[in-house]
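Below are the chains, spelled out letter by letter.
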Amino acid sequence: MAQTSENNTGKTSGKSFPVVGIGASAGGLDAYKRFIKAIPEKSGMAFILVQHLDPAHESMLPEILAKQTVIPVHEITDNILLEADNIYILPSNKLLLATDGVLKLSPRPPKEAISRPIDYFFNSLAEVHENQSVGIVLSGTGTDGTLGLKAIKEAGGITFAQDQQSAAYDGMPQSAIDAGVVDFIFCPEEMPTELIQMNLPKHIEEVELTETMSIPPKDEEIFNQILSLLRINRQVDFSYYKKNTLRRRIARRIAINKLADLGAYLIYLKDNKAELDLLFHDVLIPVTAFFRDTATFDALSNKVFPEIIKGKGSNELLRIWVTACSTGEEAYSIAISLCEFLGDNPLGIKIQLFATDISEKAIVSARRGIYTKAQLEGVSDIRLKQFFTKLDGHYQVQKNVRDMIVFAGHNMLKDPPFAKMDLISCRNVLIYMEPFLQKKALATFHYSLNEKGFLVLGKSETTGGQADLFKTIDKMEKIYSKKEVAGRFVQPAAERKRPELKEAVKPTWKVEDVKLDFQKTADQILLQEFTPAGVVINEQLDIVHFRGDTGDYLMPSPGKPNLNLIKMAREGLGFELRSVIHKATTTNSPAIKEGVPMQSNGVDRLVNIKVIPLPKSIDPFYLVLFQESVVLETKKLRQVTGREKNDVKDMRIVQLETELAQAREDMRAITEEQEASNEELQSANEELLSGSEELQSLNEELETTKEELQSGNEELTIVNQELFERNEIITDARKYSDAIIASLHEPLLVLNRDLGIRTANNSFYNTFKVEQKDTEGKLLFELGNNQWDIPALRTLLLSILPGKKEVYDYEVTHIF
């Protein structure tokens, strides 16, 4: 018997183990039998079976399946403890919810309500057990299980579906396969073997250890090389994504490929580009749904949309950017909400909605705008009818909504951002990033928003890293507005240089040697330069540290305090500082400009400016050094002799000629750069136009899929299968009893309640010289020309049934 606990809500004691959820519908009984027969007695996993059942029908699954295995089989009761090497079966008319080590039951919704018991359980399984969860969808009709498998895969678990050839009904497994949420496709009897070969308990234990203990240097080294492979092949740097999340996704791929450890996986990745693509898409974790968190969309309609259309007249643009849009659900949800808010759009406002993602596969799917009924769970019937068109069992977003959105591949942390946005949606993306990337993303959004723009984040995200850039509008729904702040956004044009992947597993510099403290790096360089006056600045040209006495070169500007280097520079230095800093940032190497004229306290000076990028720092920082070259005391020129005047004039002429040559060189460099930028912008504009045309054609393509069957037919099929099973049992019992009757030596008759003859044995036929055709189906008293119509016998038999009597050894004497 399984243990139960009335109040147990905590985690079970002992080591964690994989939990396998198995969902089935029509045709699932045979699939369950084949699956359970293949499970070894000691697998180290718990198996939970969830099947569509008629609420009024008492299930015999536990009794039927218990005959197929030696593993303990339990019908789930409320608060039953979950243990490895056990099988648990959902009773009829119940929904199942997984909690920490405990299974909880809840009533099934009314018949008229849509019931998805498999999705309901799989979602809780993913939320509680995360990378320890395994989801399996077997035979059945409809789409139940698809969303649940998606949740399990997003949580780091592993997913299976029954192959089309072995499934009695392939609707459910095929729906999951079409949705791209299935890792493996096998027949039921092969699945347990695959699970055992993955050695899931070992990989789960390794991930749990890395999350709570320090990682061995060798594994850290291999882990960094895997990230380098992704960066080289997919041009996306995951170095500052959450390490634990990345390790769970990599552990998942190791288990799926049945490899021993990180080192073996690195070797496998180097020789397998397809696996590299799968890992890339796995790491992205595409979590999305239509109208996710409905309260957020209500807040958009009530608080944000009214504000962003204020002051917009006819033919003015309303610009919205949905970042990390995945397969498009979020973008279409915002577009539909906007259509509902604007109605017939009497103002004639033009809408430009940009939806971007770094996954090309996701963008292609989003452009089509075709979704299954399961994916549209968050869409009301009214919206479904108004904004979607049914297409061969699927639903496609209507063309007028699709035309509002431009889908494009874009890396918001690397590529140039969109500008003049009224609204930016970036939900549940920052939670996967470390603070360094979060700050960079928020700075990008601040630059992209117009003066009164809004930013929407996920439920678990805030602008804490850049709180000075945004003002909170709705704390619960994480809606913010842009603040006007001093400084200028500098978009990083390229990623920081990193050591490339080597054949030998040896990094060019050790992780522990990286100096993340820019002040220490600056100290070392200053010692080499004999400590001249200088400052350390960030990407926005804001001063973060002063070095030495900089009073001769910098001074606070009037008004609100501001540490921007250009605004604090004394007369004559601002333009030159900007020029030399630009040169240093472009080349990523030290840049110097000599003989820059400036004035300080009535004294003309010539200053040398040197800008040095600080290496090995997380954020880009630059050291700006000032060194005095020559002092020209112009006020005392009248007191010197004529010859000295000529010498000073000659020196001044040489100085001015040098300045003019530098100015011409700077102007030439600026002109060339401007021309190059114009050419790039023109090329980008042409690509955007061609991409827009391509999007229009792609958005008009259609796909065909299977028709969905009704859930009532599923339950009827299941009942028929169980009736067939019962009939087999009854037939076996009938055959057994017939064999016993036939083997008796004494004559025997079996009568019904009306004293009609149901059957007789061979001894009766031989003794009384009658045949079967003249016996079965007749009344006893009509048998053999009424020879058995004996008054005493009739009286006796007619009294037995009403009185429920039993008679033994009653002797009748009669001549036949």
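Residues numbered from 1 in each chain as written. Predicted model: local features only at pLDDT ≥ 70, side-chain atom pairs only at ≥ 80, totals over all residues. Heavy atoms only, no water.

K.L.:
In this structure, what is going on with the overall build of the protein? I would like to understand it.
P.N.:
Of the regular secondary structure elements, the protein holds 25 helices and 27 strands. With 816 residues in all, the protein has 45% of them scored as buried. (Helix = DSSP H or I, 4+ residues; strand = E, 2+ residues; numbered from the N terminus. Buried < 20%, exposed > 50% of the residue type's maximum accessible area, 1.4 Å probe, protein only.)

K.L.:
For this particular structure, what's the right way to read the packing of helix H9 (residues 243-256) against helix H11 (residues 273-284)?
P.N.:
The description of two packed helices rests on the angle between their axes and on the distance between the axes. Running from amino to carboxyl end, H9 crosses H11 at an angle of 140°, the nearest separation of the two axes being 10 Å. Between H9 and H11, the angle falls in the class oblique. Where H9 crosses over H11, the two elements pack in a sense that is right-handed. Across from Leu246, Arg249, Ile250, Arg252 and Arg253 in H9, the residues of H11 making contact are Glu275, Leu278, Leu279, Asp282 and Val283. Here the residues of the contact of H9 with H11 sort into five nonpolar, no polar and five charged. (Axes fitted to C-alpha atoms, helices over the stretch in contact; angles between N-to-C directions. Parallel < 35°, antiparallel > 145°, perpendicular 65-115°, else oblique. Left-handed = near helix turned anticlockwise from the far one by under 90°. Contact = heavy atoms within 4.5 Å. Nonpolar A, V, L, I, M, F, W, Y, C, P; charged D, E, K, R; others polar.)

K.L.:
Where do I start with empty space enclosed by the protein in this structure?
P.N.:
Remark: the empty space left among the atoms is shown by a probe the size of a water molecule rolled over them. One pass over the full model with this rule turns up two cavities of 30 Å³ or more. The space that makes up the second largest cavity amounts to roughly 60 Å³. Taken together, the residues that form the lining of the second largest cavity break down as five nonpolar, five polar and two charged. (1 Å grid on protein atoms, 1.4 Å probe; cavity = no way out; pocket = protein on both sides within 12 Å on 5 of 7 lines; lining within 4 Å. Points joined across faces, edges and corners; volume = space filled by probe spheres on them.)

K.L.:
When you look at the sheet that holds strand E4 (residues 80-81) in this model, what are you seeing that I'm missing?
P.N.:
Note: strands within a sheet are paired through backbone hydrogen bonds, in either parallel or antiparallel orientation. Read across the open sheet, the three strands follow the order E4-E7-E6; overall the sheet is antiparallel. Of all the strands in the sheet, just E4 and strand E6 (94-98) have a single pairing partner and so form its edges. Sheet analysis places E6 next to strand E7 (residues 102-107), joined by five bridges and oriented antiparallel. Each bridged residue has a counterpart across the sheet, and for leucine 96 the counterpart in E7 is leucine 105. Packed onto the sheet, helix H3 (residues 117-129) meets E6 and E7 and runs at close to 15° relative to E6. (Pairing = 2+ DSSP bridges.)

K.L.:
Explain the side chain of lysine 478 to me, please; I cannot follow it from the model alone.
P.N.:
Within the secondary structure, lysine 478 is located in the loop between strand E19 (470-474) and strand E20 (479-482). Glutamate 461 provides the closest opposite charge to the buried, salt-bridge-free lysine 478, at an N-O distance of 7.8 Å. Within the structure, lysine 478 has its side chain in polar contact with the backbone oxygen of glutamate 461 (distance 3.3 Å). In contact with lysine 478, other than residues within four places in its own chain, are Leu455, Val456, Leu457, Gly458, Lys459, Ser460, Glu461 and Thr462. (Lys, Arg positive; Asp, Glu negative; His and termini not counted. Salt bridge = Lys/Arg side-chain N within 4 Å of Asp/Glu carboxyl O. Polar contact = N/O pair within 3.5 Å; in protein donor to acceptor, adjacent residues only side chain to side chain.)

K.L.:
Help me understand the side chain of serine 425 in this model?
P.N.:
Relative to the assigned elements, serine 425 resides in strand E17 (residues 421-426). A polar contact of 3.4 Å, which involves the side chain of serine 425, links it to the side chain of glutamate 330. Ignoring any residue separated from it by four or fewer positions in sequence, one finds serine 425 in contact with Trp321, Val322, Thr323, Glu330, Ile334 and Val456.

K.L.:
Please explain the packing of aromatic side chains as it appears in this structure.
P.N.:
The geometry of an aromatic ring pair is captured by two quantities: the separation of the ring centres and the angle between the planes. All told, the structure shown has 18 aromatic pairs when counted by the stated rule. For the pair tryptophan 321 and phenylalanine 445, a centre-to-centre distance of 6.0 Å together with 85° between the ring planes defines the contact as edge-to-face. Of this pair, tryptophan 321 sits in strand E11 (residues 317-322) while phenylalanine 445 sits in helix H17 (residues 435-448), placing them 124 residues apart in sequence. Using a relative accessible area of 0% as the deciding quantity, one classes tryptophan 321 as buried. Aromatic rings pair up to connect Phe290, Tyr332, Tyr371, Phe388 and Phe407 into one cluster. Sitting above the plane of the phenylalanine 280 ring, arginine 234 keeps its charged end 4.1 Å from the centroid. Here the guanidinium or amino end of arginine 383 rests over the ring plane of phenylalanine 291, the centre of that ring lying 4.0 Å away. (Phe/Tyr/Trp six-rings, centres within 6.5 Å; stacked < 30°, edge-to-face > 60°. Lys NZ or Arg CZ within 6 Å of the ring centre and 35° of its normal.)

K.L.:
Looking at this model, I keep getting lost on the confidence of the model for the protein. Mind explaining?
P.N.:
This prediction gives the protein a mean pLDDT of 80; 83% of its residues lie at or above 70. Per-element confidence in the protein ranges from a low mean pLDDT of 57 for helix H7 (residues 200-212) to a high of 94 for E17. For the stretch residues 490-497, pLDDT sits under 50, and the model shows 22 contacts to residues farther than four places along the chain or on other chains. Contacts for the low-pLDDT stretch residues 631-638, under 50 throughout, to residues beyond four places or in other chains number 14 contacts. (pLDDT = per-residue confidence, 0-100.)

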